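Here is what each chain is made of, one letter per residue.
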Amino acid sequence: MELASSYLSVRTQDSSVWGLVYVCLRCGSAAAALQALQDDGYEGEVESILENWANISAPSAARDKVRQLYYGGVNNCNDPYKRLVFSILGGCDIERRHGTS
């Protein structure tokens, strides 16, 4: 979590946790990403994948659920970081530009 400590200190109450989760994953720390989600009160299928991310042994059922959530609406949400995290963890829509433009 220290890798993202600078980001944490400037994060406001109104900002999304997904940007921090993305930064943690980019820094190679699935544990920090999981901690950020838990600190934010998020509960969902993403947790089981993050818990096993380092071992690359995420249960296929959990990965399938993340894909279902992604294609069921997350892919159209306004938060590009949430789209990116679900795309990375679900292995879906990897060629899409997930930015706001």
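Residues numbered from 1 in each chain as written. Predicted model: local features only at pLDDT ≥ 70, side-chain atom pairs only at ≥ 80, totals over all residues. Heavy atoms only, no water.

Visitor: Sorry if this is basic, but what is going on with the overall build of the protein here?
Guide: Helices and strands together make up the secondary structure of the protein, namely six helices and zero strands. Listed N to C, the secondary structure of the protein is α-α-α-α-α-α in terms of helices and strands. Counting only residues that meet the buried cut, the protein has 38% of its 101 residues in that class. For the protein, long-range pairs separated by at least 24 residues make up 37% of all intrachain contacts whose partners lie at least 6 apart in sequence. With the model as given, the accessible surface of the protein reaches about 6,100 Å², and the carbon-plus-sulfur share is 46%. (Helix = DSSP H or I, 4+ residues; strand = E, 2+ residues; numbered from the N terminus. Buried < 20%, exposed > 50% of the residue type's maximum accessible area, 1.4 Å probe, protein only. Contact = heavy atoms within 4.5 Å. Areas by Shrake-Rupley, 256 points an atom, 1.4 Å probe, with all protein chains shown as cover.)

Visitor: Teacher, can you tell me more about the packing of helix α2 (residues 18–26) against helix α3 (residues 30–40) here?
Guide: Between two packed helices, both the angle of their axes relative to each other and the distance between the axes serve to describe the pair. It is at 7 Å that the axes of α2 and α3 come closest, and there the two elements cross at 165°. Between α2 and α3, the crossing angle belongs to the class labelled roughly antiparallel. When the axes of α2 and α3 are compared, the crossing they make is right-handed. Along the contact surface, α2 presents Trp18, Leu20, Val21, Cys24 and Leu25, while α3 presents Ala30, Ala32, Ala33, Ala36 and Leu37. Each residue belonging to the contact of α2 with α3 can be placed in one class, and the counts come to 10 nonpolar, no polar and no charged. (Axes fitted to C-alpha atoms, helices over the stretch in contact; angles between N-to-C directions. Parallel < 35°, antiparallel > 145°, perpendicular 65-115°, else oblique. Left-handed = near helix turned anticlockwise from the far one by under 90°. Nonpolar A, V, L, I, M, F, W, Y, C, P; charged D, E, K, R; others polar.)

Visitor: Explain α2 here, please?
Guide: What sets the pattern is the α-helix's 3.6 residues per turn: residues three or four places apart point alike. Counting buried residues in α2 gives seven out of nine residues, a clear majority hidden from the surface. Phi for Gly28, located one or two positions after α2, is positive at around 85°.

Visitor: Before we go on, may I ask you to explain the environment of Tyr81 in this structure?
Guide: Its location among the elements puts Tyr81 in helix α6 (residues 80–90). Separated by 62 residues in sequence, Tyr81 and Gly19 have C-alpha atoms that sit 5.1 Å apart. Those residues within four positions of Tyr81 in sequence are excluded, and the remaining contacts are Trp18, Gly19 and Tyr22.

Visitor: How should the packing of aromatic side chains be read in this particular structure?
Guide: Two aromatic rings, taken as a pair, are described by how far apart their centres are and by the angle between their planes. Under the defined criterion, the tally for this structure stands at four aromatic pairs. Aromatic pair Tyr22 and Tyr81: ring centres 5.6 Å apart, planes at 45°, arrangement tilted. Here Tyr81 lies in helix α6 and Tyr22 lies in helix α2, a separation of 59 residues in the sequence. On the basis of an interplanar angle of 85° and a centroid distance of 5.1 Å, the ring pair of Tyr70 and Tyr71 is categorised as edge-to-face. (Phe/Tyr/Trp six-rings, centres within 6.5 Å; stacked < 30°, edge-to-face > 60°.)

Visitor: Any chance you could explain the nonpolar core here in plain terms?
Guide: Generally speaking, soluble globular proteins have nonpolar side chains that are buried together. Counting 26 residues, the largest nonpolar core has Trp18, Val21, Val46 and Leu50 as its most contacted members. Among the secondary structure elements, those contributing two or more residues to this core are α2, α3, α4 (46–52), α5 (60–71) and α6. Excluding residues within four positions of it along the chain, Trp18 makes contact with Leu37, Tyr42, Val46, Asp79, Tyr81, Lys82, Val85 and Phe86. (Core = buried A, V, L, I, M, F, W, Y, C linked by side-chain atoms within 4.5 Å.)

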